[in-house]
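Fold and contact review
Residue strings, one per chain:
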Amino acid sequence: MEGKRLYCIRGAACAENSKDSIRDAVRKLFDGICDGNGFAEADVVSVQFTMTRDLDTLNAATALRTCGTRLDVSAVPLFCAQEPEIIGMKPRVIRIMVSVYLPEGSALRNVYVNGAEVLRPDLAGVRPKQAAKQAEAQ
């Protein structure tokens, strides 16, 4: 991996508590991270998810294995855990962290979609006022 270093790319998406919605959110997250950062299958080290307690119809790691993403993740270690319960936390959220080798000095593109932009407007490319409006609309 000469000229490359290990990075972690983050993201989140909101989903309804259905298998289809969770699969769609996971696909959108992972494909968005792949497209935005331009890495190959061989560069992916692992993918970690957390899910809020109210999403219990499908594990996000299982969703990634079965949703047909742009990259083959069949040999990638996947892990999913429950997000810690925090008073006032946003419901129905799937968070992702992809560990991947990229060229040294790469500008990372994190992905926040489906209403999760309000969690990290600084990383989602959303201005704070837009994020507040999106949160109110949820």
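Residues numbered from 1 in each chain as written. Predicted model: local features only at pLDDT ≥ 70, side-chain atom pairs only at ≥ 80, totals over all residues. Heavy atoms only, no water.

With that out of the way, let us pick up the overall build of the protein chain. Helices and strands together make up the secondary structure of the protein chain, namely 4 helices and 5 strands. Ordered by position from the N terminus, the helices and strands of the protein chain form the series β-α-β-α-β-β-β-α-α. Across the 138 residues in the protein chain, those meeting the buried criterion constitute 41%. In the form shown here, the protein chain has an accessible surface area of approximately 7500 Å², with 50% of it arising from carbon and sulfur atoms. (Helix = DSSP H or I, 4+ residues; strand = E, 2+ residues; numbered from the N terminus. Buried < 20%, exposed > 50% of the residue type's maximum accessible area, 1.4 Å probe, protein only. Areas by Shrake-Rupley, 256 points an atom, 1.4 Å probe, with all protein chains shown as cover.)

Turning to the pattern of salt bridges, a few remarks are in order. Per the counting criterion, the structure on display carries 8 salt bridges. Linking Asp20 and Arg23 is a salt bridge whose minimum nitrogen-to-oxygen distance equals 3.6 Å. Highlighted residues: Asp20 and Arg23, both in helix H1 (residues 19-37), separated by 3 residues, approximately one helical turn. A relative accessible area of 54% means that Asp20 is categorised as exposed. The partner of Arg95 in a salt bridge is Glu83, and the shortest N-O contact between them spans 3.6 Å. Of the two residues, Arg95 is situated in strand S4 (residues 93-103) and Glu83 in the loop between strand S3 (78-82) and S4; the sequence distance between them amounts to 12 residues. Overall, the relative accessible area of 16% leaves Glu83 in the buried class. Through salt bridges that share partners, Asp31, Asp35 and Arg70 make up one connected network. (Salt bridge = Lys/Arg side-chain N within 4 Å of Asp/Glu carboxyl O.)

Strand order in the open sheet formed by 5 strands is S3-S2-S4-S1-S5, with mixed pairing between adjacent strands. Bordering the open sheet on either side are S3 and strand S5 (111-113), each of which pairs with just one other strand. Put simply, the sheet's adjacent strands are angled 15 degrees from each other on average, direction ignored. Here 3 bridges tie strand S1 (residues 4-14) to S5, and the two strands are oriented parallel to one another. (Pairing = 2+ DSSP bridges. Axes fitted to C-alpha atoms, helices over the stretch in contact; angles between N-to-C directions.)

Our focus in this paragraph is the pairing of S3. Where strand S2 (residues 44-51) meets S3, 5 bridges bridge the pair, whose relative direction is parallel. Pairing of Phe49 across the sheet is with Cys80, part of S3.

Pairing between S1 and S4: 11 bridges, direction antiparallel. Directly across from Arg10, in S4, lies its bridge partner Met97. For S2 and S4, the ladder comprises 7 bridges, and the chain directions are antiparallel. Looking at the pairing, Thr50 lines up with Arg95 of S4.

In this section: the environment of Arg70. Within the secondary structure, Arg70 sits in the loop between helix H2 (60-66) and S3. For the pair formed by Arg70 and Asp31, sequence separation is 39 residues and the distance between their alpha carbons is 6.1 Å. Those residues in contact with Arg70, other than ones at most four positions away along the chain, are Asp31 and Asp35. Separated by 2.8 Å, the side chains of Arg70 and Asp35 make a polar contact. (Contact = heavy atoms within 4.5 Å. Polar contact = N/O pair within 3.5 Å; in protein donor to acceptor, adjacent residues only side chain to side chain.)

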